[in-house]
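One-letter residues, chain by chain:
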Amino acid sequence: MTGITIALSKGRIFDETLPLLAAAGIVPTENPETSRKLIIETNQPDVRVVIVRATDVPTYVQYGAADIGVAGKDVLIEHGGEGLYAPLDLKIAKCRMMVAIPEGFDYQNAVRQGNRLKVASKYIKTAREHFAAKGVHVDLIKLYGSMELAPLAGLADAIVDLVSTGGTLKANKLVACEHIMDISSRLVVNQAALKVKRETLQPIIDAFARAVEK
């Protein structure tokens, strides 16, 4: 394929990337929230946007199905970042990776006593590294959604998940008890594409950088 393909996920990342695309002179012709199309043309004849799951953005870029993409730091850590160049923290889609527990659960005491905790998360690599660094013994349970249900149903003692406002935790009688890291979205670039298409890609990267600095 000639031209530039940009991989984005629907929702918050797409919406918050729009001003950055505009700074590079790129305007998608349709909104993925209202269109069923997975390939969206733009006002630039040689630039298109592909709509993929957030967790698949790094894979599309890694294997060259997309030249650049926008992915959360959480997703990039789990992916591993192989074959990717991540030149920019775009400072969008900000949230926090947290450990959360049911109200009334004495997490600190459980950790202090060396209890083996059951922890549910979509972010297994992040959770494993966090608890290993603390010397906490955990059994990790991989889930793909509705993380808050795990402690309520007795599946896990705690969860590791993204927290934005904390509203979902509160509604399910959970509390965030430990901050793991701040999360924001990054620009990721296929390393081979950057060499072959540098004349086209570099101005986009530079425009994103200028927009982020404003």
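Above: the structure in question.
Keep in mind that what you see is a predicted model, and the values were worked out from it rather than measured. (Residues numbered from 1 in each chain as written. Predicted model: local features only at pLDDT ≥ 70, side-chain atom pairs only at ≥ 80, totals over all residues. Heavy atoms only, no water.)

### Considering the sheet that holds strand β6 (residues 95-102)
Operational definition: Between any two strands, at least two bridges found by DSSP are needed for them to pair. Only DSSP runs of H or I covering at least 4 residues are called helices, and only runs of E covering at least 2 are called strands; the numbering of each starts at the N terminus. Inter-axis angles, ranging from 0 to 180 degrees, are taken between N-to-C directions of lines fitted to C-alpha atoms, where helices are fitted over the stretch in contact.
An order of β8-β7-β9-β6-β10 is seen for the five strands of this open sheet, with the pairing classed as mixed. The sheet terminates laterally at β8 (138-142) and β10 (174-183), the two strands that pair on one side only. With strand direction ignored, the average angle separating the axes of adjacent strands in the sheet is 30°. The pairing of β6 with strand β9 (residues 158-163) spans five bridges and is antiparallel. Across the sheet, the residue bridging to A100 is I159, located in β9.

### Focus on the environment of K10
Definition in use: Exposed residues in this analysis have more than 50% of their type's maximum accessible area, buried residues have under 20%, and partly exposed residues fall in between, with area computed by a 1.4 Å probe over protein chains only.
Summarising the element assignment, K10 is placed in the loop between β1 (4-8) and α1 (12-23). Judged by its relative accessible area of 47%, K10 is partly exposed. Placed 41 residues apart in sequence, K10 and I51 show a C-alpha to C-alpha distance of 6.6 Å.

### Examining the side chain of D67
Definition in use: Contacts are assigned to residue pairs with any non-hydrogen atoms lying within 4.5 Å of each other.
Looking at where D67 falls in the secondary structure, it is placed in the loop between α2 (57-62) and β4 (68-72). Sequence-distant contacts of D67, defined by excluding residues within four places in its chain, comprise G3, I4, T5, V61, V188, V189, N190, A193, K197 and L201.

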